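# Fold and contact review
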Amino acid sequence: MVEQQQRKILGQEWENRRRRAGIIAFAAGLVVTLAFFAFFPGLPHVIDWGAILVALAVGGLAQWACQSRMTKSAGREPKDR
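Summarised in this report is the structure supplied together with it. From a predicted model like this one, the values you see are computed outputs, not experimental measurements.

This part is about the side chain of Q67. Tracing the backbone through its elements, the reader meets Q67 in helix α2 (residues 49–76). Exposure remark for Q67: the relative accessible area of 15% places this residue in the buried category. Q67 has contacts with R18, R19 and G22, leaving out every residue within four places of it along the chain.

Here it is, written out as structure tokens:
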């Protein structure tokens, strides 16, 4: 019973860490893409709806990539923890 509770707590902690990393990856992708559209030479320095939608898509892609990589690496770790 105690082992089950400990595994449940560890699973919740891992899920919280995975969710937090996903949020950070989304924000980083969003900010980097908006900064690219705002400061890259040769582009009009205007953030329009297209740039916002692309930034949201890149943020979502970054979040998905981060969370899938964390899930994949968790499958390779030993279960001793």
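From this point, things continue past the structure.
Time to look at the pattern of salt bridges. Under the defined criterion, the tally for this structure stands at one salt bridge. One salt bridge connects R18 with E15, and the closest N-O pair in it is separated by 3.3 Å. Residue R18 and its partner E15 are both found in helix α1 (residues 2–39); the two are separated by three residues, about one turn of the helix.

The rules behind each value
Residues numbered from 1 in each chain as written. Predicted model: local features only at pLDDT ≥ 70, side-chain atom pairs only at ≥ 80, totals over all residues. Heavy atoms only, no water. Helix = DSSP H or I, 4+ residues; strand = E, 2+ residues; numbered from the N terminus. Buried < 20%, exposed > 50% of the residue type's maximum accessible area, 1.4 Å probe, protein only. Contact = heavy atoms within 4.5 Å. Salt bridge = Lys/Arg side-chain N within 4 Å of Asp/Glu carboxyl O.

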